[in-house]
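Spelled out, the chains give:
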Amino acid sequence: MTAAFRAGPRPARRPDVLRRLAGASLPYQLLTFTVFAAGWELYARGWGGLLIPTFTETVAATVELLGSAELWRAMYVSNQALVLGFGIAVVVGVPAGIVLGRFRLLERFADVYLNILLVTPMAAIIPLLMMSVGFGLASRVILVTIFSIVMVVVNSRTGVRQVDPSLIEMARSFGASERQIWTRVLLPGALPAIMTGIRLGVGRAVTGMVIVELLMVSTALGGLILEYRGLFKAPLLYGTIVIILAEALLLISVARWGERRLTRWAQTTTARNAR
Amino acid sequence: MGSDDYGKERALIEIRGLGKSFVGQDNETVEALRDVNLDVGENEFLTVLGPSGCGKTTLLKTIAGLIPWNDGDIRIDGTPVRGPGPDRSMVFQNFALLPWATVLDNVAFGLRMRGVGRAEREERARSLIAMVGLSGFETKRPGELSGGMQQRVGLARALAMRPRVLLMDEPFGAVDEQTRRLLQEELLSIWEEHRMTVVFITHSMEEAVLLGDRVVLMSARPGRISEIVPVPLERPRSSDVGALERSGQYVEITAYLWDRLRDMHEEHRPSKVAG
Amino acid sequence: MSALADHHSTRAAPARKRPSWRRLPAAPISLAAGAAAWELIGQLAGMSFFPPLSTVLARLADMATSGLIVTSLADSLVNLILGFAISLAAGLVAGVAMGRYRKVEAALGVYVYALLTAPSLVFAPIFFSLLGEGRGSIVAVVVMYAMFVIIINTASAIQSVPVHLVEMARSYGAGERQVLLRVMLPAAAPMIMAGVRLGVGRAVTGMINGEMFIAVVGLGRIVTQAGGRFDSAGVLAVLLVIIAVALGAVALVQAVDRRITRWVPRTTRGNQ
Ligand SMILES: Nc1ncnc2c1ncn2[C@@H]1O[C@H](COP(=O)(O)OP(=O)(O)OP(=O)(O)O)[C@@H](O)[C@H]1O
Ligand SMILES: [Mg+2]
């Protein structure tokens, strides 16, 4: 009966373009960007000196870099470590997290270490990596893996743990075997959280790559940064940073998009509380 | 039964030609109130009854000065309403207690907002807590109280302001039936002792008749007053609610109210529109 | 009376009866086992980059008595506290503004999100060129790490304050300032504190990474120096100190959090 009242007279529609525009975010975003760029430009022109390029110089340098073979070579080398390290993190981290989520005893004893790993600044082990594995690809890959694997493990564990126990009982009551419980209940139920872990892992892997380049072995992108800094080529230095940032944001958006596509069903069927 | 049966005493609340439209998210307008005219006498207990979405809450909030309106005029004792004032306090359907504050602090909240000094506000709060029967619970937090006790706190908070007008928006709608009856009797006896003007919104015909001097019937789309029904039951009513509810007059009025409400619902049922 | 109550509770909750290992404190046992394994593997393997725990602890004692650890720790803590204080103040102000005013959120939202997810250390070279080789750059890196998560959490905390509480306060005559101080901030406190907790963890990371990149002061610098000397025991000794700082900082924030949000019912507490 109440529904009848919802279907009352049509409300008047006023397609007010100005209002719509003011309600949208884009103009404000553009405004922020303009203020930022103008502030940067003015500051750099007034007080910049040799070390701080203007906004326009940076844009020009970024475009120039994008056309240079040197940048793409560096990108290729840096991203090797990213791809390999992240791949290992997923292949090892997801099963590890699932096992921790299913076997409580193991989890109780691993918990301290996961917590320590979550808060410890991993960069501090870089010197050890260099001593043990050297300066090659291996140590770069290991660092990226260490950076990203914790997120993957922790979220996969949470995913398995948050599967409603009554669903498992339900499956048992219908005679499901342990294997069927895994493939039909636990894994599908944990998938959204696992995907969240993978998405967060991508972010951490990119961070790992940047740290490799800036703190460990400046072979590629980090090498460019060092070189441009040494030669006082400030616009190119800033341009490189812009490109690294752009790559990071691009990868993270792709991961978020992928997560949303793969777990669309989950938005209605399970509570998505894995951060 | 006309709308100006009441009128021996001077009206405390005068509402003239009140109209209120909301602008929704997509710029569509919803007409919540149209041409509402209402006088509420000094120390009158007025109940407002109507189908869901007919604008009862909106009416109460305009009297409280919480939301602006488009047309018309609201006066309290001759003074136009321009915003919330200490002469009116409100009791909310969902209690609206501060979960981090103690019962004492919750009851004293309004006094604090009005700049009443600590000693006085605690003294007044304590006596109100005693009046609603919550002595001993001063230092508890809302999370530790039952729904009925929480609404007693809400009532005490409103009464602590010593308002001339008490605005109550379905105050007992969120508590169970038995608690609700207790609260109704308690409200009656408090009101019979400390007379004040009450505007009380409800979904329940029985509640409207039990408590009110008059029942305002509202209809939806747009919200307007369709009828004002006087309730000539004897007071005090708190002494024997049971006998009152068995009286012929009580039964007759509630039946009449339901007839009128059912008509309103029928009018808006799509299948009946043609016939 | 109490015996009766006891009897009742054991009968009412048979699920509470757990196998004996359940009652052991897992964390200390696990840490002790880890320490023993570290010592054993370190002794047996004899690899220069993985010294046994005893060697590391001895090295730590050395560094502590020579004062190296103490001065570096003090320097690091100054960086951390400065950076975190700035992050907290700016984060709360920006977060409240974003949560309260739609236009501010429209103007800043995307950028704050982008800066939250971007690898913060890429900004280190920029700070280096802006602020020079000194404490200012390190503090700026700490702020870059810690601030955005505080902003985001504060903004969404303010946005999720129940409307009816704000309305209640206004009906009792509260002004904008009172609504903010007496209703919005207390109501938002649990979620804000969750952001602050994440922020402090990130601040410690920012401190170490900043100090390693701009190696002028602090624990980050002595890690790098020890690495340069191939002094693996030194690296691990400092790492232990860093872990202690990180855990200590988080524990401190948690203690404050527990004081502030005591009113939140146990069942609705977020379990991060
Ligand atoms: N903030 C708002 N924005 C847009 N429309 C609103 C708003 N508040 C109320 N309305 C609309 O105004 C009409 C009246 O709402 P109101 O809350 O006053 O009804 P009500 O009689 O109190 O209903 P109920 O009995 O369910 O509490 C409804 O159609 C509602 O959708
Ligand atoms: Mg209502």
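On a predicted model such as this, the values are computed, not experimentally measured, just so you know. (Residues numbered from 1 in each chain as written. Chains lettered and ligands numbered in written order. Predicted model: local features only at pLDDT ≥ 70, side-chain atom pairs only at ≥ 80, totals over all residues. Heavy atoms only, no water.)

Draft legend 1. Layout of the overall build of chain C. Broken down by element type, chain C carries 12 helices and 0 strands. Its helices and strands in sequence order give chain C the pattern α-α-α-α-α-α-α-α-α-α-α-α, from N to C terminus. Residues classed as buried in chain C amount to 47% of the 272 residues present. Considering only contacts within chain C whose residues lie at least 6 apart along the sequence, 74% involve residues at least 24 apart. Carbon and sulfur atoms make up 67% of the accessible area of chain C, which totals about 13100 Å². (Helix = DSSP H or I, 4+ residues; strand = E, 2+ residues; numbered from the N terminus. Buried < 20%, exposed > 50% of the residue type's maximum accessible area, 1.4 Å probe, protein only. Contact = heavy atoms within 4.5 Å. Areas by Shrake-Rupley, 256 points an atom, 1.4 Å probe, with all protein chains shown as cover.)

Draft legend 2. Inspection of the interface of chain C and chain A at higher detail. If you look at the interface, chain C gives 52 residues, while chain A gives 44 residues. Carbon and sulfur atoms supply 76% of the area buried between chain C and chain A, which totals about 4400 Å² over both sides. In this assembly, chain C and chain A are joined by 0 salt bridges. Seen at the junction of chain C and chain A, the total is 6 residue pairs in polar contact (both at pLDDT 80 or more). When contributions to the side of chain C that touches chain A are tallied by element, the ones reaching two or more residues are α2 (20–23), α3 (26–45), α6 (102–117), α7 (124–131), α10 (176–213), α11 (218–228) and α12 (232–260) of chain C. Counted by class, the side of chain C that touches chain A contains 39 nonpolar, 9 polar and 4 charged residues. (Buried area = accessible area lost by both parts, 1.4 Å probe. Salt bridge = Lys/Arg side-chain N within 4 Å of Asp/Glu carboxyl O. Polar contact = N/O pair within 3.5 Å; in protein donor to acceptor, adjacent residues only side chain to side chain. Nonpolar A, V, L, I, M, F, W, Y, C, P; charged D, E, K, R; others polar.)

Draft legend 3. Local environment of the site of ligand 1. Residue and element names in this part refer to chain B. By nearness alone, 13 residues border ligand 1, and S52, G53, K56, T57 and T58 come closest of all. One nitrogen or oxygen atom from the main chain of G53 is found 2.8 Å from an oxygen atom belonging to ligand 1. The side chain of T57 places a nitrogen or oxygen atom 2.6 Å from an oxygen atom of ligand 1. Considering ligand 1 on its own, with 630 Å² of exposed area, one finds that the protein chains cover 64% of that surface. When residues of the shell around ligand 1 are assigned to their parent elements, the largest contribution, 3 residues, is made by helix α1 (residues 56–64). (Near = heavy atom within 4 Å.)

Draft legend 4. Layout of the sheet that holds strand β5 (residues 79–80) of chain B. Residue and element names in this part refer to chain B. Ordered by their spatial adjacency, 4 strands build an open sheet running β2-β1-β4-β5, and the pairing between neighbours is antiparallel. Sheet topology places β2 (29–41) and β5 at the edges, where each strand pairs with a single neighbour. By the bridge criterion, 5 bridges tie strand β1 (residues 11–23) to strand β4 (residues 71–76) in an arrangement that is antiparallel. Opposite E14, over in β4, you have R75 as the bridge partner. In the packing of α1 onto the sheet, contacts are made with β1, β2 and β4, and the angle to β1 comes to roughly 120 degrees. (Pairing = 2+ DSSP bridges. Axes fitted to C-alpha atoms, helices over the stretch in contact; angles between N-to-C directions.)

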